[in-house]
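Structural characterization, general
Residue strings, one per chain:
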Amino acid sequence: MIHNWKEGYGEWALVTGASSGIGKEFCYQLANRGMNIILVARRKTLIEEIASDIELKNGVKTITIDLDITEDSSIDKIYDKLKNIEVGFLVNNAGIGSFGDFHQTELIKYQNMIKLNCMVPVILTFKFLEKMLNRKKGAIIFLSSKSAYQPTPFFSVYGATKVFNLFLGEALWSEYKKNGIDIMSLSPGLVNTGFQKNAGVTPNQKGLMWANPKEVVGTALNSIGIKSSVVHGKLDKFLAFLTRLSPRKLSIKVAGMVAKSQA
Ligand SMILES: NC(=O)c1ccc[n+]([C@@H]2O[C@H](COP(=O)([O-])OP(=O)(O)OC[C@H]3O[C@@H](n4cnc5c(N)ncnc54)[C@H](OP(=O)(O)O)[C@@H]3O)[C@@H](O)[C@H]2O)c1
């Protein structure tokens, strides 16, 4: 477990999807641990406001990069802008979902989702890992989801993108732990953010199943360097475990019913 995060990982943390929800909370909690923060998202005003607030509250430095990271040249632009910056902590957080019958969602939406949720984390990790390896320190978090633990009807493509992140993070944890790089997949259950509304569902975001971003990010930062993968919350941990023991068809059916009940 790292005590001095700047020394242990490097000066700067890069968070994608920093304008809201879980990404915004990562920015605050990493700044609270003394790291300088690079905030990436499309909504310029929001990330600038968050950056100013973080600087004021934590006395750390910030850089804002307002880009659609699914555009082809975006990652090169980010990399070039940061070529003299020590990015020691990468949070591959930006992600979108889409609820509904598979054939009723526009294909372009799936294409963008796969790009944002899967391709972007691969490219960012590929680019920034090299310098971490040279420095023999660094950390990378991949945002997976509890929906990676069983197929989720009506969130089918989204769930599949989260399996990608779960497996990628866990595999890279094993490859690079000997090099001093802490890599981890984070799998929250339902979290109170704008995610569901953007995905086309408007559930009542209350009750036992719902976590807040603060708790989720706390779990992640307490687990990095210790675990290869973490499911947030006792109930979701238990359900993820139960899924492994249940007949596959039953878990798929239950996941579909739960997803439908959110609509
Ligand atoms: N909320 C949940 O229940 C839940 C559960 C499990 C896992 N997760 C995962 O947690 C991660 C964060 O989600 P959240 O719940 O915090 O949702 P959120 O509040 O909707 O945040 C999504 C973030 O992604 C950014 N983003 C979306 N498209 C982008 C693009 N093309 N380019 C750059 N940034 C983009 C958004 O910023 P802009 O709109 O400003 O670009 C926003 O900051 C996602 O990977 C999601 O899959 C969420």
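This text gives an overview of the structure that appears in the document. (Residues numbered from 1 in each chain as written. Predicted model: local features only at pLDDT ≥ 70, side-chain atom pairs only at ≥ 80, totals over all residues.)

1. Observations concerning the pairing of strand S1 (residues 12-16)
Looking along a regular strand, one sees side chains alternate from face to face of the sheet. Quick note on the threshold: Three classes are used. A residue is buried when 20 or more other C-beta atoms lie within 10 Å of its own, exposed when 12 or fewer do, and partly exposed in between, with C-beta atoms placed from the backbone. The secondary structure listing takes helices from DSSP runs of H or I that are at least 4 residues long and strands from runs of E that are at least 2 residues long, numbered from the N terminus. Pairing between strands is defined by DSSP: at least two bridges between them are needed.
Most of S1 is tucked away, with 5 of its 5 residues classed as buried. Burial along S1 is two-sided: the residues Trp12, Leu14 and Thr16 and Ala13 and Val15 are all buried. As paired elements, S1 and strand S2 (residues 36-41) share 5 bridges and run parallel to each other. Following the sheet pairing, leucine 14 is matched in S2 by isoleucine 38.

2. Remarks on the environment of lysine 127
Applied cut-off: Any pair of residues counts as being in contact when their C-beta atoms, constructed from backbone geometry, are within 7 Å of one another.
Relative to the assigned elements, lysine 127 resides in helix H5 (residues 107-135). Separated by 51 residues in sequence, lysine 127 and aspartate 76 place their C-alpha atoms 9.0 Å apart. Other than its neighbours up to four places away in sequence, lysine 127 contacts Ile75 and Tyr79.

3. Things to note about the environment of isoleucine 85
Tracing the backbone through its elements, the reader meets isoleucine 85 in the loop between helix H4 (74-81) and strand S4 (87-92). Isoleucine 85 sits in the partly exposed class, given 16 other C-beta atoms within 10 Å. In the structure, isoleucine 85 is positioned 58 residues away from leucine 143 in sequence and 23 Å away in space, judged by C-alpha atoms.

4. What to know about the nonpolar core
Rules: As used throughout, a nonpolar core is a set of buried Ala, Val, Leu, Ile, Met, Phe, Trp, Tyr and Cys residues joined through C-beta atoms within 7 Å of each other.
If you look at the biggest cluster of nonpolar residues, it comprises 57 residues, and the most contacted ones within it are Ala13, Val15, Cys27, Ile37 and Leu39. The next biggest cluster of nonpolar side chains, apart from the first, holds 7 residues, and it includes Met113, Phe154, Phe155 and Ala259.

5. Here's the deal with helix H3 (residues 44-58)
Quick note on the threshold: Multiply 1.5 Å by the residue count of a helix minus one, and that product is the helix's expected span. When we speak of the arc, we mean the arc of directions from the helix axis to the C-beta atoms.
Between its first and last C-alpha, H3 extends 21 Å over 15 residues, near the 21 Å set by a 1.5 Å rise per residue. Every buried residue of H3 is accounted for by Ile47, Ile50, Ala51 and Ile54. For H3, the angular spread of the buried residues around the axis is 105°, confining them to a single face. Away from its buried face, by an angle of more than 90 degrees, H3 presents the exposed residues Thr45, Ser52 and Leu56. The inward-facing, buried residues of H3 contact helix H2 (21-32), S2 and strand S3 (62-66). Once H3 ends, the next one or two residues include glycine 59, with phi positive near 65°.

6. Structural notes on the site of the ligand
Formally: Here, nearness is defined through the C-beta atom: a residue counts as near a molecule or strand if that backbone-placed atom lies within 6 Å of it. Side-chain classes follow a simple rule in which Ala, Val, Leu, Ile, Met, Phe, Trp, Tyr, Cys and Pro form the nonpolar group, Asp, Glu, Lys and Arg form the charged group, and the remainder, Gly included, forms the polar group.
The local shell around the ligand holds 27 residues, among which Gly17, Gly21, Arg42, Arg43 and Gly95 are the closest. Looking at the shell around the ligand element by element, the count peaks at 3 residues for H2. Looking at the shell around the ligand residue by residue, the class counts come to 12 nonpolar, 12 polar and 3 charged.

7. Side note on the packing of H5 against helix H6 (residues 156-176)
Rules: Here an axis means a line fitted to C-alpha atoms, over the contact stretch when the element is a helix, while the angle between two N-to-C directions is reported on a 0 to 180 degree scale. An angle below 35 degrees is treated as roughly parallel, one above 145 as roughly antiparallel, one from 65 to 115 as roughly perpendicular, and anything else as oblique.
The geometry of H5 relative to H6 is characterised by a closest axis approach of 10 Å and an angle of 10° between their N-to-C directions. Comparing the axis directions of H5 and H6 gives the class roughly parallel. Along its contact with H5, which presents Tyr110, Met113, Ile114, Asn117, Cys118 and Pro121, the element H6 presents Val157, Tyr158, Thr161, Phe164 and Asn165. When its residues are assigned to classes, the contact of H5 with H6 shows 8 nonpolar, 3 polar and no charged.

8. Side note on H2
The end-to-end C-alpha distance of H2, which contains 12 residues, comes to 17 Å, matching closely the 16 Å that a straight helix rising 1.5 Å per residue would cover. Among the 12 residues of H2, 9 are classified as buried, and the element is accordingly described as predominantly covered. Just downstream of H2 lies glycine 34, where phi reads positive at about 95°.

9. Section: unusual backbone geometry
Despite not being glycine, lysine 136 has its phi angle at roughly 60°, a positive value. As for its placement among the helices and strands, lysine 136 is situated in the loop between H5 and strand S5 (138-143). With 9 C-beta atoms counted inside 10 Å, the residue lysine 136 sits in the exposed group. The backbone phi angle of phenylalanine 154 is positive, close to 75°, even though this residue is not glycine. Relative to the assigned elements, phenylalanine 154 resides in the loop between S5 and H6.

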